[in-house]
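# Analysis of the macromolecular model
Listed below, chain by chain, are the residues.
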Amino acid sequence: AIGWVKANNIAKSLPRLHDLQANRFFETPVIGSCFTNGFVKVDEHGVELLNHDPDNAARQAYDFDLDLDTEPPHEWIKFLKELWEPDSDCDTKILILQEFIGASMANIATTYQRALLLSGNGANGKSALSLLIGALLFPEDTVSYVSPRRWDRDYSLAQLRNARINLVTELPETNALDNTDTFKSVVSGDYLEARLPYCAPFTFRCTAGHILSCNDIPRTSDSSHGFFRRFIMLTFNQNFGNSPFKKTEEEIMEAIAPERSAIILWALNGAARLIRQGAYTQLSSHEKSVQDWRAASDSVYDFALTCLEYPSDENTRLSTIRDEFRGWARSVGRMDEISSRALNSRLKKIEGLTPRTLRTGPGYQCRVKPRTEWSESIN
């Protein structure tokens, strides 16, 4: 037998348990992160410590208090500056990293539909940065390490279900981004179907932020603007391999670990700035890196950058563009044959290049540059 008080408490709990089991209860959580001393809400005004409340729909929590009056993480900022200080956009790269980590902590990474791609030759600090992010800045059960090359497998995809951050430290050059439709769905937070071994399939929305690292930019057959706009590229141009001041990952961890709480607050403030701006801080080197990557992956895009002037007051027939493309492709050793239909389809994917219906057939609002200018671009 149970007493009246216990029975009354059980009765009050049943409606809440029903809400918790509802399919969509956890799909609209309050933006922020949970700590032992309360829930830290993040909005355009900054961060605010609130009391714990089931309506926050928080499923993971840090096992310590967050001090909103803590000092800035000086050692952490020093470490980041050492990674990028020679770069003219060093401070901007740090701002973007702050925004991205904070968005992942606050569970809004997929709102902005971007993944971080860290690129650069070895011994430049990418691995150390990923190690620190995974070990210090997120609760252990919210970190996953699932490469995009495995996102087409049900069991692998299921590992992203409760993740806030997904870290891939070695993205291969080939076959890493073959399934681009799934990649775009994961990064955008679309509904996905997955399952665990011996269990029934389930649907979920991935909310993790994805930080992918590579020495060589992965090849892709997707030439769409929608694919390339899913990335923010942070280039690492340092080489600490022969530096007399090189530190081990253990030494870096020892210096930065005491600032764990301060770094998390720093990141959540970055998420607040991201919400205010409505988009990530713009990075000039990112634009150039993505342009180079797309040109290396797509010969038609490379041709358009090199040989076409657009927007333009002139219109050029598709047949003329195709003839010029053939000549350019032969001169640079790229694909030298493409059908008019395939060429037209890929030209339409290039932002800023406007298709036109001319009296002589399909065309584009552009001007073909003189071939003397091609040579300068090719070389």
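Please read these numbers as outputs of a predicted model, since none were measured by experiment.

### Focus on the nonpolar core
Of all hydrophobic cores here, the largest spans 52 residues; its most connected members are Trp76, Phe79, Leu80, Trp84, Leu129, Ile133 and Leu137. The element contributing the most residues to this core is helix α9 (residues 260-277), with nine residues. Excluding residues within four positions of it along the chain, Leu129 makes contact with Trp76, Phe79, Leu80, Leu83, Trp84, Leu97, Leu118 and Phe236. Formed by 29 residues, the second largest nonpolar core is a distinct cluster that contains Leu160, Ala176, Cys206 and Phe228.

### Observations concerning the pattern of salt bridges
With the rule as written, the count across this model stands at twelve salt bridges. Ionic pairing is found between Arg334 and Asp302, a salt bridge with its closest N-O pair at 2.8 Å. Here Arg334, found in the loop between α12 (318-332) and α13 (340-347), pairs with Asp302, found in helix α11 (residues 299-307); they are 32 residues apart in sequence, far enough to count as distant. The exposure class of Asp302 is buried, given its relative accessible area of 18%. A salt bridge links Arg371 to Glu324; the shortest N-O distance between them is 2.9 Å. Of this pair, Arg371 sits in helix α14 (residues 371-378) while Glu324 sits in helix α12, and the two are 47 residues apart along the sequence.

### A word on unusual backbone geometry
Geometrically, the link from Tyr310 to Pro311 is a cis peptide bond, its omega value of 0° lying close to zero. Inspection of the secondary structure assignment puts Pro311 in the loop between β11 (308-309) and β12 (316-317). Here Asn107, not a glycine, exhibits a phi torsion of approximately 70°, which is positive. Turning to its location among the elements, Asn107 is positioned in the loop between α3 (90-105) and β4 (115-119). Positive phi, close to 55°, is recorded for Gln113, a residue that is not glycine. In this fold, Gln113 is placed in the loop between α3 and β4. A residue is classified by how much of its surface remains accessible, and Gln113, at 24% relative accessible area, is partly exposed.

### Re the environment of Ser156
Relative to the assigned elements, Ser156 resides in helix α5 (residues 154-158). Remark: the alpha-carbon pair of Ser156 and Phe240, spanning 84 residues in sequence, is separated by 34 Å. Leave out the neighbours within four places in its chain, and Ser156 touches Val146 and Arg150.

### Observations concerning the packing of helix α10 (residues 284-297) against α11
A pair of packed helices can be characterised by two numbers: the angle between their axes and the separation between those axes. Contact geometry of α10 with α11 gives a least axis separation of 5 Å together with a crossing angle of 120°. One finds that α10 runs oblique with respect to α11. From α10, Gln291, Arg294, Ala295 and Ser297 reach across to α11, where they touch Ser299, Tyr301, Asp302 and Leu305. In terms of residue class, the contact of α10 with α11 is made up of three nonpolar, three polar and two charged.

### Observations concerning the environment of Val5
Turning to its location among the elements, Val5 is positioned in helix α1 (residues 4-21). Judged by relative accessible area, Val5 falls into the exposed class, the value being 54%.

### Describing the packing of α12 against α13
α13 packs onto α12 with a crossing angle of 95° between their chain directions and a minimal axis gap of 10 Å. Judged on the interaxial angle alone, α13 and α12 are roughly perpendicular. The residues of α13 that touch α12, namely those facing Leu318, Ile321 and Arg322, are Ser340, Leu343, Asn344 and Leu347. Of the residues contributing to the contact of α12 with α13, the split by class is four nonpolar, two polar and one charged.

### A look at the packing of aromatic side chains
Under the definition given, this model contains 21 aromatic pairs. Between Phe228 and Trp293, the ring centres sit 5.1 Å apart and the planes meet at 85°, which makes this aromatic pair edge-to-face. With Phe228 in helix α7 (residues 225-228) and Trp293 in helix α10, this pair connects stretches of sequence that are 65 residues apart. The same class applies to Phe228 as to Trp293, namely buried. Grouping aromatic residues by their ring pairs yields a cluster made of Trp151, Phe183, Phe227, Phe228, Phe231 and Trp293. Above the face of the Phe202 ring, Arg161 is positioned so that its terminal group lies 4.0 Å from the ring centre. Above the plane of the ring of Tyr191 lies Arg205, whose end atom (NZ or CZ) is 5.2 Å from the centre.

The rules behind the values
- Residues numbered from 1 in each chain as written.
- Predicted model: local features only at pLDDT ≥ 70, side-chain atom pairs only at ≥ 80, totals over all residues.
- Heavy atoms only, no water.
- Core = buried A, V, L, I, M, F, W, Y, C linked by side-chain atoms within 4.5 Å.
- Buried < 20%, exposed > 50% of the residue type's maximum accessible area, 1.4 Å probe, protein only.
- Helix = DSSP H or I, 4+ residues; strand = E, 2+ residues; numbered from the N terminus.
- Contact = heavy atoms within 4.5 Å.
- Salt bridge = Lys/Arg side-chain N within 4 Å of Asp/Glu carboxyl O.
- Axes fitted to C-alpha atoms, helices over the stretch in contact; angles between N-to-C directions.
- Parallel < 35°, antiparallel > 145°, perpendicular 65-115°, else oblique.
- Nonpolar A, V, L, I, M, F, W, Y, C, P; charged D, E, K, R; others polar.
- Phe/Tyr/Trp six-rings, centres within 6.5 Å; stacked < 30°, edge-to-face > 60°.
- Lys NZ or Arg CZ within 6 Å of the ring centre and 35° of its normal.

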